[in-house]
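# An overview of the molecular structure
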Amino acid sequence: MNRNVATIPQDLIAALKKAKHVVVFTGAGVSAESGIPTFRDSLTGLWERFHAEDLATPGAFHKDKELVWGWYEWRRMKVSQAQPNPAHIAVATLATLVPKLTIVTQNVDDLHERAGSTDVLHLHGSLHSPRCATCGQAHILPPGIPVEPEGGRRSSPPVCICGGLVRPGVVWFGEDLPVRELRQAFEAAQKCDLLFAIGTSGLVQPAARIPSLAKQAGACVVQVNPTSTELDRECTWSVRGGAGEIMPNLLQAAFGPA
Ligand code: APR
């Protein structure tokens, strides 16, 4: 039974208070209130005539590396300029309030970490860990916030000492997810007693399997999203609204003032 509510249900508060192992599974929506455009909204300026899926593939990088590298440097600028919002901070605080918390994100930003969360499982990689497309060597980015024009620009990816091209450290469409992170995320989903799906459309596999794995293993699943999604049927509760408002309110309702 899925209850679409804007207020926080008492039985959800009770479930959180007695939870032994909580999984927080996040998508682009958790960073929306930090001004980071959700994946499908980050196509402005130079990239507005493209589909996200056309830029985030090995083929796209092969076809036009300057266009793709420019896009990721622009996104890295946006993320670096942004600040964690109350949802990220609530998730970090939750780690101090429940016996065990596992954080799994589809996001390639570092806002969970900048809010104080540790051991975040990044299923789709990170904007901050580029590597050589040939030898795999990690590439050290220059310190500071990248300076990119607001509308974006084409820019050449760095070249590795092996002569190979440096590529963004994100998982592109058609690529496998990192094995350790995916295994740990699936295991946590199957062992937890409460799973939060925050700000995700639940459209992209295999990450989108995580809430249903938790439900099949007997956990309660709660969705935090202003709209309905593919995950509705997996949820015990769907709390309609912005994560930056709902998550702090839920923690306050369950554990009292911070
Ligand atoms: N609070 C909570 N949810 C929000 C908020 C908010 N303030 N604002 C938007 N949302 C919701 C939207 O309603 C939508 O359901 O966040 C979701 C974002 O969905 P997508 O843009 O599809 O992002 P995501 O689910 O993370 O996409 C998954 O797809 O494209 C790949 O790698 C990319 O990691 C991404 C993956």
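This structure is a prediction, so every number in the text was calculated from the model and none was measured.

## Observations concerning the overall build of the protein
From N to C terminus, the protein includes ten helices and nine strands. A compact globule built from 258 residues would reach a C-alpha radius of gyration of about 18 Å, and the protein, at 19 Å, matches this within 12%. The C-alpha extent of the protein, read off along each of the three principal axes, is 55 × 35 × 30 Å. Per-residue burial over the protein gives 54% buried out of 258 residues. With an accessible surface of roughly 11,800 Å², the protein has 54% of that area assigned to carbon and sulfur atoms.

## Regarding helix H1 (residues 10-18)
Every buried residue of H1 is listed here: Leu-12, Ile-13, Ala-15 and Leu-16. With its buried residues spanning 160° around the axis, H1 presents them on a single face. Summarising the geometry of H1, the exposed residues directed more than 90 degrees from the buried face are Gln-10, Lys-17 and Lys-18. Considering only its buried residues, H1 is in contact with strand S2 (21-26), helix H6 (86-94), strand S7 (194-198), strand S8 (220-224), strand S9 (237-239) and helix H10 (243-255).

## Here we look at the state of the cysteines
Under the counting rule described, the total for this entry stands at zero disulfides. There is no disulfide at Cys-160, and the cysteine sulfur nearest it, in Cys-135, is 3.7 Å away.

## Thoughts on the pairing of strand S3 (residues 100-105)
Strand residues, when the strand is regular, have side chains that alternate between the two faces of the sheet. Among the six residues of S3, five are classified as buried, and the element is accordingly described as predominantly covered. Of the strand pairs in this sheet, S2 and S3 are connected by six bridges, and their pairing is parallel. Residue pairing for S3: Phe-25 is matched across the bridge by Val-104.

## Details of the packing of aromatic side chains
In total, this model carries three aromatic pairs according to the counting rule given. On the numbers, 5.4 Å between centres and 40° between planes, the contact of Phe-61 with Trp-172 is tilted. Of the two residues, Phe-61 is situated in helix H4 (residues 58-63) and Trp-172 in the loop between strand S6 (166-167) and helix H8 (179-191); the sequence distance between them amounts to 111 residues. Overall, the relative accessible area of 2% leaves Trp-172 in the buried class. Ring centres 5.0 Å apart and planes at 65° place the aromatic pair Trp-71 and Tyr-72 in the edge-to-face group. One aromatic cluster is present, built from ring pairs that chain together Phe-61, Trp-71, Tyr-72 and Trp-172.

## A short note on the nonpolar core
Counting 30 residues, the largest nonpolar core has Leu-16, Val-22, Val-24, Leu-94, Leu-194, Phe-196 and Ile-198 as the members making the most contacts within it. Breaking this core down by element, the ones donating at least two residues are H1, S2, H6, S3, S7, S8, S9 and H10. Among the elements that take part in this core, H10 stands out by supplying six residues, more than any other. Discounting chain neighbours no more than four positions away, the residues touching Leu-194 are Ala-15, Leu-16, Ala-19, His-21, Val-22, Val-23, Ala-219, Cys-220, Val-222 and Trp-237. Listed in part, the 22 residues of the second largest apolar core include Ala-189, Leu-195, Leu-213 and Leu-231.

Criteria and thresholds
- Residues numbered from 1 in each chain as written.
- Predicted model: local features only at pLDDT ≥ 70, side-chain atom pairs only at ≥ 80, totals over all residues.
- Heavy atoms only, no water.
- Helix = DSSP H or I, 4+ residues; strand = E, 2+ residues; numbered from the N terminus.
- Rg over C-alpha atoms; globule rule 2.2 N^0.38 Å.
- Buried < 20%, exposed > 50% of the residue type's maximum accessible area, 1.4 Å probe, protein only.
- Areas by Shrake-Rupley, 256 points an atom, 1.4 Å probe, with all protein chains shown as cover.
- Arc of directions from axis to C-beta.
- Contact = heavy atoms within 4.5 Å.
- Disulfide = S-S within 2.5 Å.
- Pairing = 2+ DSSP bridges.
- Phe/Tyr/Trp six-rings, centres within 6.5 Å; stacked < 30°, edge-to-face > 60°.
- Core = buried A, V, L, I, M, F, W, Y, C linked by side-chain atoms within 4.5 Å.

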